Amino acid sequence: MNKKDETSEIVLIGMSHKTSPIEIREQFTFDRETLSRFYSLVPSCGIEEVVYLATCNRVELYFTAGDRHHAVVKLTELVEDFTGLSRDDFYPYIYRKDSRDVVLHLLTVASSLDSMVIGENEILGQIKQAYRDSVMHKNSGILLNRLFHQAFNTAKKVRTRTGIAQNPLSIAYIAVEQARKIFSGGLTGRSALLVGAGEMGELILKYLTKENIGEIIVANRSLHNAETVVERINGNARIIPMSEIAGEAARVDIIITSVACHDYVLDAAALNAIVSERGGRPLCVIDIAVPRNVDPDAVNIDGITLCNIDDLKAIADENMKTRLGEVEAALQIVHTDAAELFEWYEGLEMVPMIVRMQQSFEKIREREIEKYRKRRGNDVTEEEMNLVEELTRQIISKILHNPIMAIKENKSLQLQGYHTKEAIKQKIQVIEELFKI
């Protein structure tokens with residue numbers, strides 16, 4: 001097979017939360033300017049196409065090259081220059097995949113089946129951004145374009161055809177979900193008191209805001225911190241000092257607490273007083289703090305529905321079990337799509353060989369026709385030669401039809417296994433020897 005006929009191989013080198021510590025991975029996070037310089041120098045490594053994916057949990061380089069071994073060596077040297085790390089610092093944490101394993105890996109990652117949290121939504125968006133960066137820098141071509149678009153399509157199938165992402169795992173999200181369940185009409189127009197504006201409180205504020213809730217009140221020890229969070233997420237939220245909690249609690253529908261303290265923010269006596277002012281209106285209280293902010297005896301007060309962090313954690317654990325139960329169905333989708341894409345990839349290798357096979361048979365046909373013409377001499381008419389031409393073309397076409405269709409269909413390419421590039425080359429060599437191409 002001519003070198004120019006070969007299709008470049010798809011290669012991946014990377015590291016993830018499963019293989020390397022964060023102090024190594026964080027060295028590979030490039031700012032926009034550094035990423036641009038990196039992309040501009042990658043072609044000097046003998047690399048034709050490349051997508052650089054860097055998230056908090058993984059760093060992966062997807063690339064194509066005719067000589068993948070040379071490309072990996074040169075790319076390693078380039079990474080050393082950009083990170084300031086020596087090969088010995090990061091290479092023990094690196095994994096490498098070739099050909100069909102790259103296809104299967106990316107489709108698995110994009111479908112969030114290789115994430116720290118199975119079914120999480122962020123990874124697909126991060127992969128799309130990485131691909132857009134590559135396209136913008138003109139570093140993606142026919143192979144990676146097809147690979148990444150297939151990954152996006154597969155991820156969509158997994159999300160729409162399985163329940164892999166339908167059950168929330170975030171404690172903050174589940175807290176808001178529990179509040180929604182208590183009120184049959186949803187949270188639109190309801191009011192909430194959020195006690196605490198730390199990391200968890202900030203997440204809850206985001207989810208409450210998305211619910212189109214009516215009024216949100218934020219209580220926090222540091223009013224400055226509360227102002228920063230409110231300004232960033234929901235400028236309509238009202239901020240109060242912690243001393244005003246009891247007064248506001250009597251009129252809101254939902255109270256969610258996430259303050260780090262050792263004393264109850266709301267004890268049983270305060271909650272009894274709050275309930276007495278509410279005229280029978282139900283109150284949802286969700287305590288996600290450790291130690292607890294709300295007196296656990298509140299569970300016995302009529303009119304109050306109380307959930308704590310253990311209740312929410314139990315829901316999260318059950319949701320995770322449900323997600324894990326969907327993994328097998330999701331993997332079936334991934335494997336099917338990976339097989340189809342790799343069949344297309346294998347076909348790229350086969351096309352030049354098919355053309356050569358057709359050309360070889362055409363030369364044989366032309367030689368034999370010329371022999372026939374000479375043997376008949378002046379006795380052969382133009383009409384007879386036209387008939388012979390047409391007949392021999394039909395014979396060659398019928399002879400080659402089944403072999404070519406078998407090659408194109410790749411019937412040996414089943415879901416339980418794929419061909420490596422070396423195996424494809426061996427198949428081509430066998431066919432070329434068989435037909436003397």
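Residues numbered from 1 in each chain as written. Predicted model: local features only at pLDDT ≥ 70, side-chain atom pairs only at ≥ 80, totals over all residues. Heavy atoms only, no water.

S.K.: Which residues make up the nonpolar core, and what values do they have?
M.R.: Counting 37 residues, the largest nonpolar core has Tyr62, Ile127, Leu147 and Phe148 as the members making the most contacts within it. Listed by contribution, the elements that provide at least two residues to this core are strand 1 (9–16), strand 2 (49–54), helix 5 (100–110), helix 6 (122–136), helix 7 (142–161) and helix 13 (309–376). (Core = buried A, V, L, I, M, F, W, Y, C linked by side-chain atoms within 4.5 Å. Buried < 20%, exposed > 50% of the residue type's maximum accessible area, 1.4 Å probe, protein only. Helix = DSSP H or I, 4+ residues; strand = E, 2+ residues; numbered from the N terminus.)

S.K.: Can you break down the sheet that holds strand 4 (residues 95–98) residue by residue, with the values?
M.R.: Strands sit in the order 2-3-1-4 across an open sheet of 4 strands; the sheet is antiparallel. A strand with exactly one partner marks an edge of an open sheet, and here the two such strands are strand 2 and strand 4. Ignoring which end each strand starts from, the neighbouring axes of this sheet average 15° apart. Bridge analysis of strand 1 against strand 3 (residues 58–65) gives 8 bridges, and the strand direction is antiparallel. Following the sheet pairing, Ser16 is matched in strand 3 by Arg58. Packed onto the sheet, helix 2 (residues 32–41) meets strand 2 and strand 3 and runs at close to 155° relative to strand 2. Strands in contact with helix 5 are strand 1, strand 3 and strand 4; relative to strand 4, the strand with the most contacts, it is inclined by about 115°. (Pairing = 2+ DSSP bridges. Axes fitted to C-alpha atoms, helices over the stretch in contact; angles between N-to-C directions. Contact = heavy atoms within 4.5 Å.)

S.K.: Provide a residue-level description of helix 12 (residues 268–276), including the pertinent values.
M.R.: Because an α-helix packs 3.6 residues into every turn, residues spaced three or four apart end up facing the same way. Turning to helix 12, its buried residues are Ala268, Leu271 and Ile274. Angularly, the buried residues of helix 12 cover 120° about the axis, an arc narrow enough to put them on a single face. Exposed side chains of helix 12 directed beyond 90 degrees from the buried face belong to Ala269 and Ser276. Structurally, helix 12 contributes buried residues whose contacts are with helix 11 (245–249), strand 9 (283–287) and strand 10 (304–308). (Arc of directions from axis to C-beta.)

S.K.: Any details on the packing of aromatic side chains? Residues and values, ideally.
M.R.: According to the stated counting rule, one finds 12 aromatic pairs in the structure shown. Both rings, one in Phe342 and one in Tyr345, keep their centres 5.1 Å apart while their planes meet at 55°; by these two values the pair is tilted. Residue Phe342 and its partner Tyr345 are located together in helix 13, separated by 3 residues, close to a single helical turn. Each member of the pair, Phe342 as well as Tyr345, is classed as buried. Through pairs of rings, three or more aromatic residues link up here, namely Phe30, Phe38, Tyr52 and Phe82. Here the guanidinium or amino end of Arg87 rests over the ring plane of Tyr91, the centre of that ring lying 3.8 Å away. (Phe/Tyr/Trp six-rings, centres within 6.5 Å; stacked < 30°, edge-to-face > 60°. Lys NZ or Arg CZ within 6 Å of the ring centre and 35° of its normal.)

S.K.: Requested: an account of a nonpolar patch on the surface, with residues and values cited.
M.R.: A grouping of Leu391, Ile395 and Ile399 is seen on the molecular surface, where their side chains present a nonpolar patch of about 270 Å² in accessible area. Tracing the sequence through the fold places Leu391 in helix 14 (residues 382–409). (Patch = residues over 30% accessible without salt bridge, like charges linked within 9 Å, V, L, I, M, F, W, Y side chains within 5 Å. Areas by Shrake-Rupley, 256 points an atom, 1.4 Å probe, with all protein chains shown as cover. Salt bridge = Lys/Arg side-chain N within 4 Å of Asp/Glu carboxyl O.)

S.K.: Could you give me a rundown of the environment of Leu35, with the residues and numbers involved?
M.R.: Note that Leu35 resides in helix 2. Accessibility expressed as a relative area gives 7% for Leu35, which makes it buried. The spatial distance from the C-alpha of Leu35 to the C-alpha of Tyr52 is 8.5 Å, given a sequence separation of 17 residues. Residues contacting Leu35, with those up to four places away along its chain left out, are Phe30, Tyr52 and Asp133.

S.K.: Help me get a handle on the packing of helix 8 (residues 171–182) against helix 9 (residues 199–210), residues and values and all.
M.R.: Across the interface, helix 8 lies against helix 9 with an axial gap of 9 Å and an inter-helix angle of 45°. With respect to helix 9, the axis of helix 8 lies oblique. Between helix 8 and helix 9 lies a crossing of right-handed hand. Mapping the contact onto sequence places Ile171, Ala172, Tyr173 and Val176 in helix 8 and Met200, Leu203, Ile204, Tyr207 and Leu208 in helix 9. (Parallel < 35°, antiparallel > 145°, perpendicular 65-115°, else oblique. Left-handed = near helix turned anticlockwise from the far one by under 90°.)

S.K.: How would you summarise the pattern of salt bridges if you had to cite specific residues and measurements?
M.R.: In this structure the tally under the stated criterion is 26 salt bridges. Here Arg68 ties to Asp98 by a salt bridge, and the two come within 3.5 Å at their closest N and O atoms. Within this pair, whereas Arg68 is found in helix 3 (residues 68–83), its partner Asp98 is found in strand 4, the two being separated by 30 residues in sequence. Among the residues examined, Asp98 registers a relative accessible area of 22% and is labelled partly exposed. Of the charged contacts in the structure, one is a salt bridge between Glu389 and Arg365, with a shortest N-O distance of 2.9 Å. Pair noted here: Glu389 is in helix 14 and Arg365 is in helix 13, with a separation of 24 residues, a long-range link. Shared partners join several salt bridges into a network, and the residues in it are Glu9, Arg68, Arg96 and Asp98.

S.K.: Could you give an account of the side chain of Gln150, naming the residues involved and the relevant values?
M.R.: Mapped onto the secondary structure, Gln150 falls in helix 7. Those residues in contact with Gln150 that lie beyond four places of it in its chain are Leu107, Asp337 and Leu341.

S.K.: Lay out the sheet that holds strand 7 (residues 238–240) in plain terms, naming residues and giving numbers.
M.R.: Pairing is parallel across the open sheet formed by 6 strands, whose spatial order is 7-6-5-8-9-10. The two strands at the open ends of the sheet, each matched to only one other strand, are strand 7 and strand 10. Taken over all neighbouring pairs, the strand axes of this sheet differ in orientation by 15° on average, direction set aside. Both strand 8 (residues 254–257) and strand 9 contribute to a ladder of 4 bridges, which runs parallel. Paired with Ile254 across the bridge in strand 9 is Cys284. Here helix 8 sits on the sheet in contact with strand 8, strand 9 and strand 10, set at roughly 165° to strand 9.

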